[in-house]
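Fold and geometry: a report
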Amino acid sequence: MKRSTNRILTTHAGRLDPPRELTELRRALQRRESTDHEALAARAKQAVADIVREQKAIGLDQISDGEVTKYSSFDYYSRRMSGLSVRALQPNEPPGMFERTGERIEFAEFYGTMPLNVTRERMSVSGPLSFIGADLVKSDIDNMKSAQQGPNVEDEDVFMCVLAPGWLEHWMYNEYYKTDEEYLFAIADAVAPEYKAITDAGYILQLDDPGLPDTYDMIVPTPSIPDYRKFAELRVEALNHALRGLPEDQIRYHICWGSWHGPHTHDLPLKHVVDIMLRVTAGAYSVEAANPRHEHEWKVWRDTKLPDGKILVPGVVSHASNVVEHPELVADRIVQYANLVGRENVIASTDCGMGGRVHPQIGWAKLKALVEGAQIASKQLW
């Protein structure tokens, strides 16, 4: 993984908006209104090429495929893992743990105006999990390899996103394994081949794990901090199990507190899990830092030492607002982190993926402000 040796490098957290046609295809598959996966695959190659070209035109250094083929539903995961099924919801049962949280209880009137999920089904683990998605992962990698040819992008400047076991469990309800530990390590074994395929391709593997801090508010009643830390530690153990043997310098670990536009008053402070985050065997750590609920947490790095050789990837523009950050503000945020952990140890990023969180035009404007802010910060730091 490249470092900021003579200027601040830039990246983002993964998801970008594809063409509207592709978005509609994904929505139809997610809602199980369509089973035409071939249409999505046929359109994806050009969409990835377009998104790669746009990222390079803006000036981003580490880029992704925009996650254009990814969506959260049974139809997506069941093509990559065996052992999954769907069943009807039981009375008062939510489709996933993210629909019953302390925040949703406190702000019930607000959340009543924006229902999170309309499905009346639940995705369940009903048999042994195993990886069956080799051809699909190869297709994603092939699309990226093809897209790199135009702007001549090096493999080490590309990252691809996959969910960590602790976040995957939010979408899959365990009805087969006897214990949480057995279940989590089964997920880890099922996703490990996809992790390896990405690093074998020469790419950076980004592990998306909002669940590390975010699950805290999904456990009702709220657990004690010591109990939650044990909960989080088990999930990091499972993730490291999936990463065994992979090169750390091709791995970055991303956490955030969820991408919904809500109050976030129940978010777990970073200070309670930052040491657990740093146990993940990754070369870089991507942390939400521009959101007004978490911007103050730069102070955590006054007391927490970034391990030698590691990279911090702070979000310096937010996905939670339509306001496009001024490049000077972006530069101030970057310089603040550079002064804390060392300029060579910082890569500037977004809080989370822009796709589906703000209007595409605003998302690209925010990425442009990110690049311009990094240029200003670089002049100050070198």
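Everything in this summary refers to the structure shown in the same document. Remember, it's a predicted structure, so these values are computed and weren't measured experimentally.

**Points about the environment of Val-358**
- Residue placement: Val-358 occurs in the loop between β10 (347–350) and α14 (360–381).
- Classification of Val-358 as buried rests on a relative accessible area of 7%.
- Linking Val-358 and Ser-318, residues 40 residues apart in sequence, is a C-alpha distance of 9.7 Å.
- Ignoring anything within four residues of it in the chain, the contact list for Val-358 reads Asp-17, His-319, Ser-321, Asn-322 and Gly-363.

**Some thoughts on the pairing of β10**
- Burial of the side chains of β10 extends over both faces: Ile-347 and Ser-349 are buried on one face and Ala-348 and Thr-350 on the other.
- By the bridge criterion, 2 bridges tie strand β1 (residues 9–10) to β10 in an arrangement that is parallel. Note that in β10 the partner of Leu-9 across the bridge is Ile-347.
- Bridge analysis of strand β9 (residues 311–317) against β10 gives 2 bridges, and the strand direction is parallel. Paired with Val-317 across the strands is Thr-350, a residue of β10.
- Between β9 and its parallel partner β10, the chain crosses via helix α13 (residues 327–341), and the hand of that crossover is right-handed.

**Let's talk about the pattern of salt bridges**
- This model, assessed by the stated rule, comprises 23 salt bridges.
- Residues Arg-229 and Asp-275 are paired through a salt bridge, measuring 2.8 Å at the closest nitrogen-oxygen approach. Placement of the pair is Arg-229 in helix α10 (residues 225–243) and Asp-275 in helix α11 (residues 274–277), with a sequence separation of 46 residues.
- Its relative accessible area of 21% is what places Arg-229 among the partly exposed residues.
- Between Glu-325 and Lys-366 there is a salt bridge, with its nearest N and O atoms 3.0 Å apart.

**Comments concerning unusual backbone geometry**
- Cis geometry marks the peptide bond from Val-220 to Pro-221, where omega comes out at 0 degrees.
- Within the secondary structure, Pro-221 is located in the loop between α9 (211–214) and α10.
- In this model, Glu-67 sits at a positive phi of 55 degrees, which is unusual for a non-glycine residue.
- One can find Glu-67 in the loop between α2 (37–58) and α3 (74–77).
- Given the relative accessible area of 10%, Glu-67 is considered buried.
- Notably, His-264 is not glycine yet its phi reads approximately 60 degrees, a positive angle.

**Considering the sheet that holds strand β5 (residues 173–174)**
- Spatially, 3 strands are ordered β2-β3-β5 in an open sheet, and the strand pairing comes out mixed. Unpaired on one side and paired on the other, β2 (81–88) and β5 mark the two borders of the sheet.
- Here β2 pairs with strand β3 (residues 121–131) via 7 bridges, running antiparallel. Across the sheet, Arg-87 pairs through a bridge with Arg-122, a residue of β3.
- Helix-sheet contacts for helix α8 (residues 180–200) involve β2, β3 and β5, and the interaxial angle to β3 is about 70 degrees.

**Topic: the packing of α2 against α14**
- Taken N-terminus to C-terminus, the directions of α2 and α14 make an angle of 40 degrees; their axes are 9 Å apart at the nearest point. Residue-level inspection shows Ile-51, Glu-54, Gln-55 and Ile-58 of α2 in contact with α14, the latter providing Trp-364, Leu-367, Lys-368 and Val-371.
- Split by residue class, the contact of α2 with α14 holds 5 nonpolar, 1 polar and 2 charged.

**Some remarks on the nonpolar core**
- The biggest cluster of nonpolar side chains holds 106 residues, and the ones touching the most others in it are Leu-129, Tyr-195, Tyr-253, Met-277 and Trp-301.
- Sequence-distant contacts of Met-277, defined by excluding residues within four places in its chain, comprise Leu-212, Tyr-253, Ile-255, Tyr-285, Val-287 and Trp-301.

**Things to note about the pairing of strand β6 (residues 204–208)**
- Extensive coverage of β6 is indicated by the burial of 5 of its 5 residues.
- Residue alternation in β6 divides its side chains into two sets, Ile-204, Gln-206 and Asp-208 and Leu-205 and Leu-207, and both sets are buried.
- For strand β4 (residues 159–163) and β6, the ladder comprises 5 bridges, and the chain directions are parallel. The residue of β6 that forms the bridge with Phe-159 is Ile-204.

**What about the side chain of Arg-252?**
- With respect to the helices and strands, the residue Arg-252 is situated in strand β7 (residues 251–255).
- Buried and without a salt bridge, Arg-252 has Asp-208 as its closest oppositely charged side chain, separated by 7.3 Å.
- Polar contacts involving the side chain of Arg-252 include one to the side chain of Gln-62, which spans 2.9 Å.
- Setting aside its immediate chain neighbours within four residues, Arg-252 contacts Met-1, Thr-11, His-12, Gln-62, Phe-159, Ile-204, Leu-205, Gln-206, Leu-207, Ala-282 and Ala-284.

**Observations regarding the side chain of Arg-122**
- Mapped onto the elements of the fold, Arg-122 is located in strand β3.
- Residue classification places Arg-122 among the buried positions, given a relative accessible area of 10%.
- Excluding anything up to four places from it in sequence, Arg-122 contacts Ser-85, Val-86, Arg-87, Leu-89, Glu-93, Pro-94, Pro-95, Gly-96, Met-97 and Tyr-173.

The rules behind these values
- Here, residues in each chain are numbered from 1, in the same order as that chain's written sequence.
- In keeping with the model being predicted, local features are shown solely for residues with a pLDDT of at least 70 and side-chain atom pairs are shown and tallied solely at 80 or more, while totals for entire chains, interfaces and linings include all residues.
- Water and hydrogen atoms were dropped before computing side-chain values, which therefore reflect all heavy atoms in the structure.
- Under the DSSP-based scheme used, a helix requires at least four consecutive residues in state H or I and a strand at least two consecutive residues in state E, with every element numbered from the N terminus.
- When accessible area is computed with a 1.4 Å probe and restricted to protein chains, residues below 20% of their type maximum are described as buried, those above 50% as exposed, and intermediate ones as partly exposed.
- Contacts are assigned to residue pairs that have any heavy atoms within 4.5 Å of one another.
- The pairing criterion is simple: DSSP has to find at least two bridges between the two strands.
- Consider the strands pointing away from the viewer: the crossover is right-handed when the path from the first strand over the helix to the second runs clockwise.
- Criterion for a salt bridge: a side-chain nitrogen of Lys or Arg within 4 Å of a carboxyl oxygen of Asp or Glu.
- Lines fitted to C-alpha atoms define the axes, with helix axes restricted to the stretch in contact, and inter-axis angles between N-to-C directions lie between 0 and 180 degrees.
- Residues are grouped as follows: nonpolar covers Ala, Val, Leu, Ile, Met, Phe, Trp, Tyr, Cys and Pro; charged covers Asp, Glu, Lys and Arg; every other residue, Gly included, is treated as polar.
- Nonpolar cores were defined as sets of buried Ala, Val, Leu, Ile, Met, Phe, Trp, Tyr and Cys residues, with membership established by side-chain atoms within 4.5 Å.
- His is not counted here, nor are the chain ends, while Lys and Arg score as positive and Asp and Glu score as negative.
- Pairing of N or O atoms within 3.5 Å defines a polar contact, subject to two protein rules: one partner must be a possible hydrogen donor and the other a possible acceptor, and residues neighboring in sequence count only if both atoms are side-chain atoms.

Nothing here speaks to function; it is all geometry.
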